[in-house]
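Topology and contacts: notes
So you can see what is in the structure, the chains are spelled out below.
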Amino acid sequence: MKRLIPALARKGSGRPADNASGPCVVIGGGISGLATAGLLAKDGHAVTVLEQQEQLGGRAGRWERDGFTFDTGPSWYLMPEVIDHWFKMMGTSAAAELTLTRLDPAYKLWSAAGGQQGADSTVVRTGRAAAVDLFESQQPRSGAQLEKYLDSAELAYTLAKKHFLYDPFGTLRGLVTPAVLRHAPRLAQLLTRSLHGFVAGRFTHPLQQKILGYPAVFLGTSPYKAPSIYHLMSHLDLQDGVLYPQGGFAAVVDAMERVIRRAGVQIVAGATVTQIVTGPADGGARCEAVAWRDRDGVEHRSGAKLVVGAADLHHIESALLPETLRTRSAKKWAKTDPGISAVLVCLGVRGGLPQLAHHNLLFTDDWQDNFARIVDGQALADTTSIYVCRPSATDSSVAPAGTENLFLLVPAPALPQWGRGGFDGGGSSHVEKVADAAIAQLAIWTNTPDLAERIMVRRSYGPADFQDDVNAWQGSALGLAHTLRQSAFLRPGNVNHKVSGLYYAGSSVRPGIGVPLCMISAELVLKSVRGDKTGGPLAEPEPDVPASVSGTTVAEGMRAPDTDHAVRVVVP
């Protein structure tokens with residue numbers, strides 16, 4: 001590791017940054033596109049966002065029917081200090097724009113009970129002390145082991161945030177700082193061992209292994225493929241805790257739209273980009289315009305000195321650029337892991353389901369087989385691991401009175417041939433078979449035999465929906481998997497060094513998957529445009545708004561980690 005880092009650090013950025021302000025087009029109105037557009041607008045650029053869908057959000061989608069409002073993408077509000085940092089960069093704060101609720105319990109685990117009606121459930125509460133007590137109650141002396149594990153997770157997260165996540169890697173000098181070199185042997189071990197191997201070497205209790213290994217799914221991969229550096233995820237959910245934005249992640253998207261419009265960003269929905277127009281430049285090409293087609297089929301051309309591809313990287317390069325200007329060849333894409341996909345099911349259910357928490361994880365006994373089927377592209381077993389969100393447990397606005405809002409996510413192979421979902425069971429046969437099995441499993445495990453009969457509203461999504469709706473490569477639900485070869489400086493970069501003025505943001509480039517990381521990718525673009533090669537987050541401007549808003553309070557003890565910024569939290 002020590003020999004590798006200095007050699008890498010000698011690599012340069014490739015070409016000068018584009019520092020002068022000018023017209024900018026952002027392709028994609030998802031989290032990363034909105035975040036990038038806002039930061040560039042605050043930095044003096046005239047920014048237009050082109051979004052092909054009629055609504056903003058990208059993978060952070062929404063669907064409404066008969067009084068139900070469903071998030072169809074992210075649902076775990078983690079790394080609140082990162083989200084708040086973006087709002088601070090925009091001159092406001094998460095406290096001013098969102099109402100956040102601390103979830104208690106953070107989530108609930110369900111495991112099969114010998115195939116009988118009902119399943120064993122375990123409540124996971126927020127905070128180190130609660131997590132340690134839980135582990136100790138499951139297996140004596142495992143609580144002390146968890147203390148060490150969480151110490152390691154916190155250190156890994158601190159190092160990642162300070163030295164890796166916000167580093168544009170224009171050079172790799174950030175990897176030879178004293179702090180990184182001091183922990184280099186430890187980091188080398190964490191990078192070369194799987195998360196599952198790291199966990200299994202410390203915990204023998206099956207449920208504990210699943211609690212600590214499942215976060216790999218949030219990284220688009222399995223615990224058998226994710227490097228153990230990502231045990232840092234346990235610092236986020238077990239120690240920092242889980243929040244919920246009232247109104248769901250749709251409210252986060254709406255807040256971002258509101259904020260960037262105030263900064264002068266123009267947004268065009270129903271705009272399908274057809275080409276990034278380039279012209280000759282010294283040593284290569286440069287951005288000149290973006291060609292796009294509106295919802296009526298009328299062709300447009302928007303001049304742009306800066307272009308940000310904030311959609312799926314494979315789509316941006318393969319569909320909008322000639323082969324000679326792409327950063328990744330077809331051969332390289334063939335070796336790239338697209339990450340997992342999913343079958344999503346939105347359900348409006350008559351009556352209550354109080355046995356479910358806000359977040360629920362259903363774990364199968366045959367854990368390794370479950371992930372092998374997903375990674376190898378096989379059909380799922382009838383009983384599989386499922387994530388179930390019940391936001392109506394926390395938010396009365398997402399479902400009519402006397403009903404429940406359920407969102408089921410079934411991790412699945414990235415196979416678009418599985419087809420699209422549909423309304424009321426009308427999707428492809430493969431997708432609906434998975435959806436039916438998930439509903440049946442949830443009914444059995446939660447001892448709700450009449451669940452299927454109580455469904456009032458139903459819609460499913462399959463891998464082909466991700467491919468068609470957000471141009472996801474191979475129908476990936478989240479983005480490129482966080483494997484060793486697709487993490488940190490080995491992940492696709494935020495700059496196209498062949499085209500001056502062309503940058504990339506989003507889940508398929510650095511730093512990676514998830515709402516907070518997509519927001520950080522926006523900051524990496526801003527740094528690259530400025531020519532800033534520093535490794536940490538940029539300094540925040542003085543806030544234009546107070547940290548609390550009329551009618552709300554800042555909950556005691558809920559300051560974002562590593563910052564002095566209060567987050568407005570409603571404690572139930």
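In what follows, the accompanying structure is described.

This part covers the nonpolar core. Core analysis: the largest hydrophobic core is formed by 102 residues, its most contacted members being Tyr107, Leu146, Ile211, Leu212, Leu406 and Leu408. Here this core gets 9 residues from one element, more than from any other, and that element is helix α6 (residues 142-165). In this structure, Ala94, Leu243, Val259 and Leu538 belong to the second largest nonpolar core, which totals 46 residues.

A separate point is the packing of aromatic side chains. Per the stated rule, a full pass over the model turns up 19 aromatic pairs. Following the ring pairs from residue to residue traces out a cluster consisting of Trp76, Tyr107, Tyr214, Phe218, Tyr224, Phe363, Trp367, Phe371 and Tyr387. Here the guanidinium or amino end of arginine 202 rests over the ring plane of phenylalanine 198, the centre of that ring lying 3.8 Å away. Between the NZ or CZ atom of arginine 328 and the centre of the ring of tryptophan 333, over which it lies, the distance is 5.0 Å.

For the rest of this paragraph, the subject is helix α15 (residues 367-376). Burial in α15 covers these residues: Trp367, Asn370, Phe371 and Ile374. Down the axis of α15, the buried set is contained in an arc of 85°. They therefore lie on one face. Exposed residues on α15 whose side chains face more than 90 degrees from its buried face are Gln368 and Asp376. Buried residues belonging to α15 abut α10 (206-213), β15 (359-363) and β17 (403-412).

Let's shift gears to the sheet that holds strand β18 (residues 455-461). An order of β7-β6-β15-β16-β17-β14-β18 is seen for the 7 strands of this open sheet, with the pairing classed as mixed. Each edge of the sheet is formed by a strand with only one pairing partner; in this case those strands are β7 (119-124) and β18. On average, each strand axis in the sheet is tilted by 20° relative to the strand beside it, whichever way the strands run. For strand β6 (residues 107-112) and β7, the ladder comprises 6 bridges, and the chain directions are antiparallel. Paired with leucine 109 across the strands is threonine 122, a residue of β7. Along the sheet, helix α16 (residues 429-445) makes contact with β6, β7, β14 (341-350), β15, β16 (386-389), β17 and β18, crossing β18 at roughly 135°.

Here we come to helix α13 (residues 313-320). When we look at burial in α13, the residues that qualify are Leu313, Ile316, Glu317 and Leu320. All buried residues of α13 lie within an arc of 110° about the axis, which places them on one face of the element. By the N-cap criterion, in which a side-chain oxygen at the helix start approaches the backbone nitrogen of a residue two or three places on, α13 is capped by aspartate 312, the distance to histidine 314 being 3.0 Å.

Now for the sheet that holds strand β2 (residues 46-51). The strand order across the open sheet formed by 5 strands is β9-β2-β1-β13-β20, and the pairing between neighbours is parallel. Every other strand in the sheet has two partners, leaving β9 (266-269) and β20 (502-504) as the edge strands with one partner each. Ignoring strand direction, the axes of neighbouring strands in this sheet form an average angle of 20°. Pairing analysis gives 4 bridges linking strand β1 (residues 23-27) to strand β13 (residues 306-309), with the strands arranged parallel. Residue pairing in the sheet places valine 26 in a bridge with valine 308 of β13. Along the sheet, helix α18 (residues 515-530) makes contact with β13 and β20, crossing β20 at roughly 155°.

On to the pairing of strand β4 (residues 68-71), then. Pairing of strand β3 (residues 62-65) with β4 involves 4 bridges; the strand directions are antiparallel. Directly across from arginine 65, in β4, lies its bridge partner phenylalanine 68. The turn joining β3 and β4, which pair antiparallel and follow one another in sequence, is formed by 2 residues; a positive phi near 50° is taken by aspartate 66.

Tallied over the full model, the rule gives 23 salt bridges. Note that glutamate 54 is salt-bridged to arginine 295, the shortest N-O span being 2.9 Å. Placement of glutamate 54 in the loop between β2 and β3 and of arginine 295 in the loop between β11 (284-293) and β12 (299-303) is noted, with a sequence separation of 241 residues between them. Accessibility expressed as a relative area gives 53% for glutamate 54, which makes it exposed. For arginine 295, a relative accessible area of 53% puts it in the exposed group. Taking the shortest distance from any N to any O, the salt bridge between aspartate 369 and arginine 373 comes out at 2.8 Å. Taken as a pair, aspartate 369 and arginine 373 lie in helix α15 at a separation of 4 residues, close to a single helical turn.

Attention now goes to the environment of proline 511. Residue placement: proline 511 occurs in the loop between β20 and α18. Judged by relative accessible area, proline 511 falls into the buried class, the value being 10%. In the structure, proline 511 is positioned 344 residues away from aspartate 167 in sequence and 8.5 Å away in space, judged by C-alpha atoms.

A word on the packing of helix α2 (residues 31-42) against α18. Look at α2 against α18: their axes get within 8 Å of each other, and the N-to-C directions meet at 35°. Handedness of the crossing formed by α2 with α18: right-handed. Residues Ile31, Ser32, Ala35, Thr36, Leu39 and Leu40 of α2 touch α18, and the partners they reach there are Val515, Cys518, Met519, Ser521, Ala522, Glu523, Val525, Leu526 and Val529. Of the residues assigned to the contact of α2 with α18, the class counts are 11 nonpolar, 3 polar and 1 charged.

Each value, and the rule that gives it
Residues numbered from 1 in each chain as written. Predicted model: local features only at pLDDT ≥ 70, side-chain atom pairs only at ≥ 80, totals over all residues. Heavy atoms only, no water. Core = buried A, V, L, I, M, F, W, Y, C linked by side-chain atoms within 4.5 Å. Buried < 20%, exposed > 50% of the residue type's maximum accessible area, 1.4 Å probe, protein only. Helix = DSSP H or I, 4+ residues; strand = E, 2+ residues; numbered from the N terminus. Phe/Tyr/Trp six-rings, centres within 6.5 Å; stacked < 30°, edge-to-face > 60°. Lys NZ or Arg CZ within 6 Å of the ring centre and 35° of its normal. Arc of directions from axis to C-beta. Contact = heavy atoms within 4.5 Å. Pairing = 2+ DSSP bridges. Axes fitted to C-alpha atoms, helices over the stretch in contact; angles between N-to-C directions. Polar contact = N/O pair within 3.5 Å; in protein donor to acceptor, adjacent residues only side chain to side chain. Salt bridge = Lys/Arg side-chain N within 4 Å of Asp/Glu carboxyl O. Left-handed = near helix turned anticlockwise from the far one by under 90°. Nonpolar A, V, L, I, M, F, W, Y, C, P; charged D, E, K, R; others polar.

Note that all results are geometric; they support no functional claim without further evidence.
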